[in-house]
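Survey of secondary and tertiary structure
Chain by chain, the residues run as shown.
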Number of protein chains: 2
Amino acid sequence: MERVDLDGLRWNDAGLVPVVVQDVENGDVLMLAWANREALERTLAEGRMVYWSRSRQELWRKGDTSGHLQHWDELLVDCDADVILARVHQEGAACHTGERTCFFRGLGGV
Amino acid sequence: MERVDLDGLRWNDAGLVPVVVQDVENGDVLMLAWANREALERTLAEGRMVYWSRSRQELWRKGDTSGHLQHWDELLVDCDADVILARVHQEGAACHTGERTCFFRGLGGV
């Protein structure tokens, strides 16, 4: 498989890329988070997902508080090199509400 | 299932939300695109995915040029109401490169 390294990524104006997180065990899309370069460096080095919290403006080592760690199995990059897809083994719930996935509601009227 | 309508969505500073697109037939994550309110109104009305092209700054009715339409099966909203997950039947390739999914490369060194 062709590889793209961190220097090849296209960050947005805030220095971030969106990270789509998918459960590698059942294919469910669990959440979308954001990462800066340091977050991806730590993700690569530690084997678990580390994000950038836009609300707290700090690194967010997913699971440090909740225990709901995400161990990545595969990290993919899209054609424009501005989106990451992380295929993970999810411990517990991905969502802070306690739901396993953040996508537990429908778009209105559908 | 609980519903969130368009008035309940949280748009970013540009009036957009990211849309994660998943193949409902095999679970593959196909792409990430962006939508404004009009794009989602048309998506809901037409039964196929309509996005906002940030590069062209215009509505992007996916497949009008390529023929690679996306017929949605389910539209979901995340816990923060600022991300959409579209589960679609994909005609042909989702990616403009001709690959079925935009996520055909690995993140460097992995």
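Above this text sits the structure in question.
The rules behind each value
Counting from 1, residues in each chain are numbered in the order their sequence is written. Naming scheme: in the order in which they are written, chains are lettered from A and ligands are numbered from 1. Local features in a predicted model are, by the rule used here, given only for residues with pLDDT of at least 70; side-chain atom pairs are given and counted only at 80 or more, and totals for whole chains, interfaces and linings are based on all residues. The basis for the side-chain values is all heavy atoms of the structure; hydrogens and waters are excluded. The copies are overlaid by a least-squares fit using only the C-alpha atoms of residues whose pLDDT is at least 70 in both copies. Throughout, a residue-residue contact means that at least one pair of heavy atoms, one from each residue, lies within 4.5 Å. Salt bridges are defined by distance alone: a side-chain nitrogen of Lys or Arg within 4 Å of a carboxyl oxygen of Asp or Glu. Each helix corresponds to a stretch of at least 4 residues labelled H or I by DSSP, and each strand to a stretch of at least 2 residues labelled E; elements are numbered beginning at the N terminus. Only protein chains enter the area calculation, which uses a 1.4 Å probe; residues under 20% of their type maximum are buried, those over 50% are exposed, and those in between are partly exposed.

1. Concerning the relation of the copies chain B and chain A
Two copies of a chain can be linked by a rotation about an axis combined with a shift along that same axis. Aligned on chain A, chain B shows an RMSD of 0.0 Å; the corresponding rotation is 180° and the shift along the axis is 0.0 Å. Those values place the two copies in the arrangement expected of a two-fold rotation axis. Across chain B, the rotation axis passes nearest the C-alpha of Gly27 of chain B, at a separation of 2.8 Å. When the interface residues of chain B are mapped onto chain A, 100% of them again lie at the interface, so the same face is used by both copies.

2. Quick look at the pattern of salt bridges
If the charged atoms of two oppositely charged side chains come close together, the side chains can form a pair. Counting across every chain of the model gives 20 salt bridges over all chains. With a shortest N-O distance of 3.8 Å, Arg105 of chain A and Glu2 of chain B are connected by a salt bridge. With Arg105 of chain A in strand β8 (residues 105-107) and Glu2 of chain B in the segment before β1 (3-4), this residue pair bridges two chains. The class of Arg105 of chain A is buried, set by a relative accessible area of 12%. Overall, the relative accessible area of 47% leaves Glu2 of chain B in the partly exposed class.

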